[in-house]
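These are the residues of each chain, in order.
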Amino acid sequence: MSEQTKTNLLGLTTPQMEAFFDSIGEKRFRTAQVMKWIHHYGVDNFDEMTNLSKALRAKLKDVAEVRGPEVVYQDFSDDGTRKWVLKVDGGSCIETVLIPMDEKRRTLCVSSQVGCSLDCSFCSTGKQGFQRNLTPAEIIGQVWVAQRSFGPRTDTKQRPVTNVVMMGMGEPLMNFEPVMSSMRLMLDDMGYGLSKRRVTLSTSGVVPQLEKMIGQIDVALAISLHAPNDELRNELVPINKKYPIHMLLDTCQRYLDTLGDNRSITIEYTLIAGVNDQPQQAAQLAKVLRKLDCKINLIPFNPFPNNDYMRPSRNAIMRFRDALIDSGYVVTVRSTRGDDIDAACGQLVGQVMDRTRRSAKYAENLIDSVQIVDAGQNQDAV
């Protein structure tokens, strides 16, 4: 069997791995053995899987492989954040960020696509344009790479990655099946054994796919809302023109209703100075969310090149937070982590090739708008 037709075992769920062993005439109990080697111990060499017979190891080398994304660059922030630039099939690159929350918890921000098609105005990834969806092996491979970066594991109860958020490059629900498969692996005890409360899918609001998710999987849900009304959200998150706020929030509540325990949704709200950070907008947000079981995560905007948005002052952030707390909401303000290595929220661009030239066009438009304003100011002066 040629290298090109080997099965990459890294992205296979338990049922898929069982089907693979069926297809090569091996017993299904091999599934647990091999999955533990791959996901618990980070092993990619069949010769190191010592509880397999030599004959089986030889067979696996002929028909299968364990191949994660290639690490082409990594950087560690002063605050302990780790960022990887990973090369995937076809030569494109994605980024993955691991954020230490405290001494025991580390959250990995995982990408689902190369680039993103949604073009949210405040997100640097959106300015890159969209190239393609990631495969399950490329998605779960980010968890695999991060875990392996801590060296060989002797105690599999100690997890280097304790939480995963699908909040990296791309819109997860636009790559539905690979993302669902990858999250099942994250939850699977033979995979990464993470709690359903510690795997979070973040979406900008692809309502039909969110509807499809209901009943398929039980993970935490985060909604990238960023505006308290449709008029502003249409500008910041263009998909809102197709799936407005009321439609999105109604679907979120239906998702919650199927989970059967005390669960809530996280509302992600990026605060942009003079755009969506005013007291009246906090009041609007409190009103629009009143029927949804939710908590609110405020994210101060992280500046990036070719964008004229600004980060709000600390006073503006605290004023917005306090208004929501006074309205009865649980509110957190996300600490900016890893911005010294461009790993902060909204900065996941790295070395991804911009084949659509969206970022270049965006920069050109920004320059043109500045020139028009300057010309108008000069005319006024005359």
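I will try to describe carefully the structure that is included in this document. Just so it is clear, the model here is predicted, and its values are computed rather than measured.

## Some words on empty space enclosed by the protein
1) Next: Evaluation of the coordinates by the stated rule reveals one cavity of 30 Å³ or more.
2) Next: For the largest cavity, the calculated volume is near 40 Å³.
3) Next: Along the walls of the largest cavity sit Ile38, His39, His40, Tyr41, Gly42, Trp144, Gln147, Arg148, Gly151 and Arg153, which together make up its complete lining.
4) Next: Breaking the lining of the largest cavity down by element, the ones donating at least two residues are α2 (30–40) and α4 (136–148).
5) Next: Its residues placed into classes, the lining of the largest cavity shows three nonpolar, five polar and two charged.

## Notes on α2
1) Next: Burial runs high along α2: nine of the 11 residues are buried.
2) Next: Within the sequence span of α2, burial applies to Arg30, Thr31, Gln33, Val34, Met35, Trp37, Ile38, His39 and His40.
3) Next: Looking at the buried residues of α2, the elements they touch are α1 (14–23), α3 (54–63), α4 and α5 (176–187).
4) Next: Phi for Gly42, located one or two positions after α2, is positive at around 70°.

## Description of the sheet that holds strand β9 (residues 163–166)
1) Next: Ordered in space as β3-β4-β5-β6-β9-β10-β11-β12-β13-β14, the 10 strands form an open sheet in which the pairing is mixed. Pairing within the sheet leaves two strands with one partner each, and these edge strands are β3 (70–76) and β14 (331–333). Strand-to-strand, the axes of this sheet are offset by a mean angle of 20°, without reference to chain direction.
2) Next: Both strand β6 (residues 106–109) and β9 contribute to a ladder of three bridges, which runs parallel. Note on β9: the bridge partner recorded for Leu108 is Val164.

## Quick look at the nonpolar core
1) Next: Residues Leu9, Phe20, Met183, Met213 and Leu289 are the most contacted members of the largest nonpolar core, which totals 99 residues.
2) Next: Counting residues per element, this core draws most heavily on α4, which supplies seven residues.
3) Next: Beyond its immediate chain neighbours, meaning those up to four positions away, Met183 contacts Met166, Val199, Leu201, Ile217 and Val219.

## Some points on the packing of aromatic side chains
The description of an aromatic ring pair uses the distance of the two centres, along with the angle that the planes make with each other.
1) Next: For the structure shown, the criterion picks out four aromatic pairs.
2) Next: Here the guanidinium or amino end of Arg82 rests over the ring plane of Phe76, the centre of that ring lying 4.6 Å away.

## Overview of the packing of α1 against α2
1) Next: For the pair α1 and α2, the least separation of the axes is 9 Å and the interaxial angle reads 120°. Classified by the interaxial angle, the pair formed by α1 and α2 is oblique. Crossing of α1 over α2 shows right-handed handedness. Residues Thr14, Met17, Glu18 and Phe21 of α1 touch α2, and the partners they reach there are Arg30, Thr31, Val34, Met35 and Ile38.
2) Next: Across the contact of α1 with α2, the residue classes break down as five nonpolar, two polar and two charged.

## Structural notes on helix α8 (residues 245–257)
1) Next: Spanning 13 residues, α8 covers 18 Å between terminal C-alpha atoms, matching the ideal 18 Å at 1.5 Å per step.
2) Next: Of the positions making up α8, those classed as buried are Ile245, Leu248, Leu249, Thr251, Cys252, Gln253, Tyr255 and Leu256.
3) Next: Looking at the buried positions of α8, the neighbouring elements they touch are α6 (207–213), β11 (220–224), α7 (230–236), β12 (265–271) and α9 (279–288).

Here is what the cut-offs are and how they apply
- Residues numbered from 1 in each chain as written.
- Predicted model: local features only at pLDDT ≥ 70, side-chain atom pairs only at ≥ 80, totals over all residues.
- Heavy atoms only, no water.
- 1 Å grid on protein atoms, 1.4 Å probe; cavity = no way out; pocket = protein on both sides within 12 Å on 5 of 7 lines; lining within 4 Å.
- Points joined across faces, edges and corners; volume = space filled by probe spheres on them.
- Helix = DSSP H or I, 4+ residues; strand = E, 2+ residues; numbered from the N terminus.
- Nonpolar A, V, L, I, M, F, W, Y, C, P; charged D, E, K, R; others polar.
- Buried < 20%, exposed > 50% of the residue type's maximum accessible area, 1.4 Å probe, protein only.
- Contact = heavy atoms within 4.5 Å.
- Pairing = 2+ DSSP bridges.
- Axes fitted to C-alpha atoms, helices over the stretch in contact; angles between N-to-C directions.
- Core = buried A, V, L, I, M, F, W, Y, C linked by side-chain atoms within 4.5 Å.
- Phe/Tyr/Trp six-rings, centres within 6.5 Å; stacked < 30°, edge-to-face > 60°.
- Lys NZ or Arg CZ within 6 Å of the ring centre and 35° of its normal.
- Parallel < 35°, antiparallel > 145°, perpendicular 65-115°, else oblique.
- Left-handed = near helix turned anticlockwise from the far one by under 90°.
- Expected span 1.5 Å × (residues − 1).

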